[in-house]
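Here is what each chain is made of, one letter per residue.
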Amino acid sequence: MKLSFSTLGCPDWSFEDIIVTAKDMGYDGVEIRGVGNELDGTRIPEFSPTSAPKTRNLLDKKGLTIACLTSACYIHDKNIPEDTVYQAQAYVDTASDMGIRYVRVLADYGPEQSGELDSAFVCSQLKKVAQYAKPKGVDILVETNGYFANSTRLAKLINDAGEDNVGVIWDIHHPYRYFGERPEFTIGTIGDFIRHVHIKDSVIQGGKLKYTMVGYGDLPVKDCVDRLEKIGYDGFYSLEWLKRWDLSLEEPGIAFAAYVSYMNDMI
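Residues numbered from 1 in each chain as written. Predicted model: local features only at pLDDT ≥ 70, side-chain atom pairs only at ≥ 80, totals over all residues. Heavy atoms only, no water.

Here's the deal with the packing of aromatic side chains
Okay, so step 1: Applying the stated criterion to the full structure yields 9 aromatic pairs.
Okay, so step 2: Considering the side-chain rings of F15 and F47, the 5.7 Å spacing of their centres and the 85 degrees angle between planes classify their relative orientation as edge-to-face. Placement of the pair is F15 in helix α1 (residues 15-25) and F47 in the loop between β2 (29-32) and α2 (52-62), with a sequence separation of 32 residues.
Okay, so step 3: Judged by its relative accessible area of 4%, F15 falls in the buried class.
Okay, so step 4: An aromatic cluster is defined as three or more aromatic residues linked by ring pairs; in this entry it consists of F5, W13, Y27, F256 and Y259.
Okay, so step 5: In this structure, K78 is placed above the aromatic ring of F121, and the distance from its NZ or CZ to the ring centre is 5.6 Å.
Okay, so step 6: Positioned over the ring face of Y147 is R153, at 3.9 Å from the centre of the ring. (Phe/Tyr/Trp six-rings, centres within 6.5 Å; stacked < 30°, edge-to-face > 60°. Helix = DSSP H or I, 4+ residues; strand = E, 2+ residues; numbered from the N terminus. Buried < 20%, exposed > 50% of the residue type's maximum accessible area, 1.4 Å probe, protein only. Lys NZ or Arg CZ within 6 Å of the ring centre and 35° of its normal.)

Considerations on the pattern of salt bridges
Okay, so step 1: Under the definition given, this model contains 15 salt bridges.
Okay, so step 2: For D139, the salt bridge goes to R101, with nearest N and O atoms at 3.5 Å. Highlighted residues: D139 in strand β5 (residues 139-143) and R101 in the loop between α3 (81-98) and β4 (102-106), separated in sequence by 38 residues.
Okay, so step 3: Overall, D139 belongs to the buried group, its relative accessible area being 13%. (Salt bridge = Lys/Arg side-chain N within 4 Å of Asp/Glu carboxyl O.)

Let's talk about helix α4 (residues 119-133)
Okay, so step 1: Taking 1.5 Å per residue as the helical rise, α4 with its 15 residues ought to reach 21 Å, and the 21 Å between its terminal C-alpha atoms agrees with that figure.
Okay, so step 2: Taken residue by residue, α4 has F121, V122, C123, Q125, L126, V129, A130 and A133 as its buried positions.
Okay, so step 3: Residues of α4 that are buried in the fold lie against α3, β4, β5, α5 (151-161) and β6 (166-171). (Expected span 1.5 Å × (residues − 1). Contact = heavy atoms within 4.5 Å.)

Some points on the sheet that holds strand β10 (residues 236-239)
In a beta sheet, neighbouring strands are held together by backbone hydrogen bonds and run either parallel or antiparallel to one another.
Okay, so step 1: The parallel closed barrel is built from 8 strands, whose spatial order is β1-β2-β3-β4-β5-β6-β7-β10. Each strand of the sheet is rotated relative to its neighbour by a mean of 30 degrees, with strand direction disregarded.
Okay, so step 2: Where strand β1 (residues 2-6) meets β2, 3 bridges bridge the pair, whose relative direction is parallel. Looking across to β2, one finds that F5 is bridged to V30.
Okay, so step 3: Contacts from helix α9 (residues 252-264) reach β1, β7 (194-199) and β10, with the element oriented near 155 degrees to β1. (Pairing = 2+ DSSP bridges. Axes fitted to C-alpha atoms, helices over the stretch in contact; angles between N-to-C directions.)

Brief notes about the pairing of β2
Okay, so step 1: Every second residue of β2 is oriented toward a common face, with G29 and E31 on one face and V30 and I32 on the other, all of them buried.
Okay, so step 2: A crossover links β1 with its parallel partner β2, the connecting element being α1, and its sense is right-handed. (Right-handed = clockwise from strand over helix to strand, strands pointing away.)

What follows is the structure, given as structure tokens:
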């Protein structure tokens with residue numbers, strides 16, 4: 001079982017802090033969604049074309065992998081279609097320089113569905129990015145988010161795109177919480193496409209969603225992991241601790257250590 005954490009969980013840490021902590025806590029990798037004040041993954045100094053070789057060497061020495069370069073490219077947005085593709089391609093270039101296999105894109109703005117989307121347009125945008133990424137050895141992953149947290153819709157999108165370097169990030173929270181999908185249904189629908197997994201937990205209190213540390217909510221986390229293991233999933237289980245968006249959440253050192261302990265107890 002390979003474990004990583006998203007840098008959303010440690011918004012005040014430097015790249016060095018992130019790498020040292022990941023190594024010391026026994027993580028296998030890190031998912032990059034910004035470092036410090038820089039949210040744009042293509043502008044992180046350690047990932048620049050001149051710095052990339054040194055950074056890759058450091059990661060190799062630490063025995064760590066960048067599990068995913070996580071963009072905020074919203075490929076469904078018809079207002080800026082060219083800008084979105086350009087931004088996604090820039091992420092692909094950075095991933096290629098850094099030897100990162102996966103780049104995340106989104107096809108809705110929030111975790112909850114915002115309304116009907118033009119799936120054909122999303123598909124055309126996805127194909128453009130995927131075709132650019134393929135010769136660079138990069139796969140494009142669409143997250144189970146918003147409209148496409150419905151795994152039936154997402155499976156159709158991936159099939160319609162028809163590109164073998166397109167896959168899925170299964171955020172286990174969104175299909176379960178917003179569409180009532182059981183893990184067996186989600187895996188039965190998109191299991192063949194899952195390349196990366198976001199782990200988070202939550203409860204509903206007073207009719208409102210409250211994120212919790214993993215194992216303190218009511219999501220069937222263990223069931224999700226067990227079913228993934230049964231289908232031979234060999235990617236990362238990445239803690240997406242949303243500290244950057246909610247400063248009231250526990251500090252990253254606490255959440256990251258608790259996650260490693262929880263996940264290792266499953267083995």
